[in-house]
Every structure is written in C-alpha cells, then in structure tokens.
Amino acid sequence: MKNPPFTTTKPRAACRLRTLAAGHICVVQQCEDCGCVSIHMGPTTVRLDEGALASLTETLTAAVRATREAADDIASLRSVQQPS
Ligand SMILES: [Zn+2]
C-alpha cells in the first residue's frame, strides 16, 4: 500500500531510518525499506514520499524568495520615504 503524500503520524516501528540531511531546524531521514521520508522538527515529525518532499522543497524555496523580495521592496520604500 502506497503511503499518503503527507501525514504527521509516527514512522512505523519497522522503518529503518537513515539520515539524509540535518540542520539547525530539522533532520530529514528516509526508511531503507519503504522509502518514506521523515522530517523531524522538534516534537513534530512529518512523513511524506519523495515526490511530496520535492514539492515541499519547491514551495519553501519560493517562500524564501518571496520574503527576500518583500524585504527588498520594504528597504526600497524606506529609502524613498527617508532620504539621507
Ligand atoms: Zn519504512
């Protein structure tokens, strides 16, 4: 049975997780048997498949780009409103 693309349930006890990446905010692991990906953030673990992981990455990348563009817009407005 294929896993749903997104769930917050705990990994199955039988899953053998190996770490793919670890940072300050989260650790990403993948099961060596079923391939499910687990993202651990503090007390929360999100399980998803590889396709959903790729989609999540694209969404987060777009969000980071948008926040940077918004910061640039705010900086531009402040420089216009407060000439030095
Ligand atoms: Zn597994």
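Residues numbered from 1 in each chain as written. Predicted model: local features only at pLDDT ≥ 70, side-chain atom pairs only at ≥ 80, totals over all residues.

Q: For this particular structure, what's the right way to read the overall build of the chain?
A: Helix and strand counts for the chain come out as one helix and five strands. In the chain, the succession of helices and strands from N to C terminus is β-β-β-β-β-α. Nonlocal contacts in the chain, meaning residues at least 24 apart in sequence, comprise 29% of its contacts between residues at least 6 apart. (Helix = DSSP H or I, 4+ residues; strand = E, 2+ residues; numbered from the N terminus. Contact = placed C-beta atoms within 7 Å.)

Q: What exactly am I supposed to notice about helix 1 (residues 50-81) here?
A: An α-helical turn contains 3.6 residues, so a residue and the one three or four places further along point in the same direction. Compared with the 46 Å implied by 1.5 Å per residue over 32 residues, the 46 Å span of helix 1 between its first and last C-alpha is a close match. By the criterion of burial, helix 1 is predominantly exposed, with just zero of the 32 residues buried. (Expected span 1.5 Å × (residues − 1). Buried ≥ 20, exposed ≤ 12 C-beta atoms within 10 Å, placed from the backbone.)

Q: Help me understand the confidence of the model for the chain, please; the structure alone is not making it clear to me.
A: Parts of the prediction with low pLDDT should not have their coordinates interpreted in detail. Overall, the predicted model of the chain reaches an average pLDDT of 88, with 83% of residues at or above 70. When mean pLDDT is compared element by element in the chain, strand 2 (residues 17-22) scores highest at 98, while strand 1 (residues 6-7) scores lowest at 60. (pLDDT = per-residue confidence, 0-100.)

Q: Quick question: what am I supposed to make of the environment of V28 here?
A: Within the secondary structure layout, V28 lies in strand 3 (residues 27-31). For the pair V28 and R47, spaced 19 residues apart in sequence, the C-alpha to C-alpha distance is 9.7 Å. Once you skip the residues sitting within four places of it in the chain, V28 turns out to touch L20, A21, V37 and I39.

Q: What's the story with the environment of V37 in this structure? I'm lost.
A: The topology assignment puts V37 in strand 4 (residues 37-41). The class for V37 is buried, based on 22 C-beta atoms found within 10 Å. A sequence separation of 14 residues divides V37 from G51, and the C-alpha atoms of the two residues are 9.9 Å apart.

Q: Quick question: what am I supposed to make of the pairing of strand 3 here?
A: For a regular strand, the rule is simple: side chains alternate between the two faces of the sheet. For strand 2 and strand 3, the ladder comprises five bridges, and the chain directions are antiparallel. Paired with A21 across the bridge in strand 3 is V28. Here strand 2 folds back onto strand 3 in antiparallel fashion, the turn holding four residues. Linking two consecutive strands that pair antiparallel, namely strand 3 and strand 4, is a turn of five residues; a positive phi of about 85° is found at G35 within it. (Pairing = 2+ DSSP bridges.)

Q: Would you explain the pairing of strand 4 in this entry?
A: Where strand 3 meets strand 4, four bridges bridge the pair, whose relative direction is antiparallel. Note that in strand 4 the partner of Q29 across the bridge is S38. Two strands pair when backbone bridges link them, and strand 4 and strand 5 (residues 44-48) are joined in this way by five bridges, in the antiparallel orientation. Bridge assignment links S38 to a residue of strand 5, and that residue is R47. Linking strand 4 to strand 5, which pair antiparallel, is a turn of two residues; within it G42 sits at a positive phi near 55°.

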